[in-house]
Amino acid sequence: MESLVCLGRKPENFNIYANIPEPCWLIVTAWGDGKDGLMIRSSGVIAVGRLTGKVHYDGPAGDEG
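Structural notes, computed from the coordinates.

A short note on the pairing of strand E3 (residues 44-49)
Of all 6 residues in E3, 5 are buried, a share of seventy percent or more. The pairing of strand E2 (residues 24-29) with E3 spans 6 bridges and is antiparallel. Counterpart to tryptophan 25 in the pairing with E3 is valine 48. In the sheet, E3 pairs with strand E4 (residues 55-60) via 5 bridges, with the strands oriented antiparallel. In the sheet register, isoleucine 46 faces E4, and the bridge partner there is aspartate 58. Joining the antiparallel neighbours E3 and E4 is a turn of 5 residues, in which glycine 53 adopts a positive phi near 80°.

Structure (structure tokens):
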């Protein structure tokens with residue numbers, strides 16, 4: 001199992017195109033499809049609200065390349 005990384009702020013190279021209404025923890029994940037390391041693509045990221053615990057985003061981080 002890949003380890004998860006939790007970030008307290010968005011890295012400059014992340015381009016998340018979503019309207020996130022509250023401060024979030026960003027959890028960087030592996031895609032889990034067996035193709036990690038075989039191609040250039042974005043990291044997976046989940047944005048979890050710090051106040052509500054709601055998942056506001058689950059998708060690409062926009063950091064490929």
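Structural notes on the packing of aromatic side chains
Evaluated as defined, the whole model comprises 0 aromatic pairs. One cation-aromatic arrangement involves arginine 50 over tryptophan 25; the distance from NZ or CZ to the ring centre is 4.1 Å.

Overview of the environment of glutamate 22
Its location among the elements puts glutamate 22 in the loop between strand E1 (5-7) and E2. Looking at glutamate 22, the relative accessible area reads 11%, which means it is buried. Separated by 29 residues in the primary sequence, glutamate 22 and leucine 51 place their C-alpha atoms 7.4 Å from one another. Not counting residues up to four positions away in its chain, the partners in contact with glutamate 22 are Gly49, Arg50, Leu51, Thr52 and His56.

Calculation criteria
Residues numbered from 1 in each chain as written. Predicted model: local features only at pLDDT ≥ 70, side-chain atom pairs only at ≥ 80, totals over all residues. Heavy atoms only, no water. Buried < 20%, exposed > 50% of the residue type's maximum accessible area, 1.4 Å probe, protein only. Helix = DSSP H or I, 4+ residues; strand = E, 2+ residues; numbered from the N terminus. Pairing = 2+ DSSP bridges. Phe/Tyr/Trp six-rings, centres within 6.5 Å; stacked < 30°, edge-to-face > 60°. Lys NZ or Arg CZ within 6 Å of the ring centre and 35° of its normal. Contact = heavy atoms within 4.5 Å.

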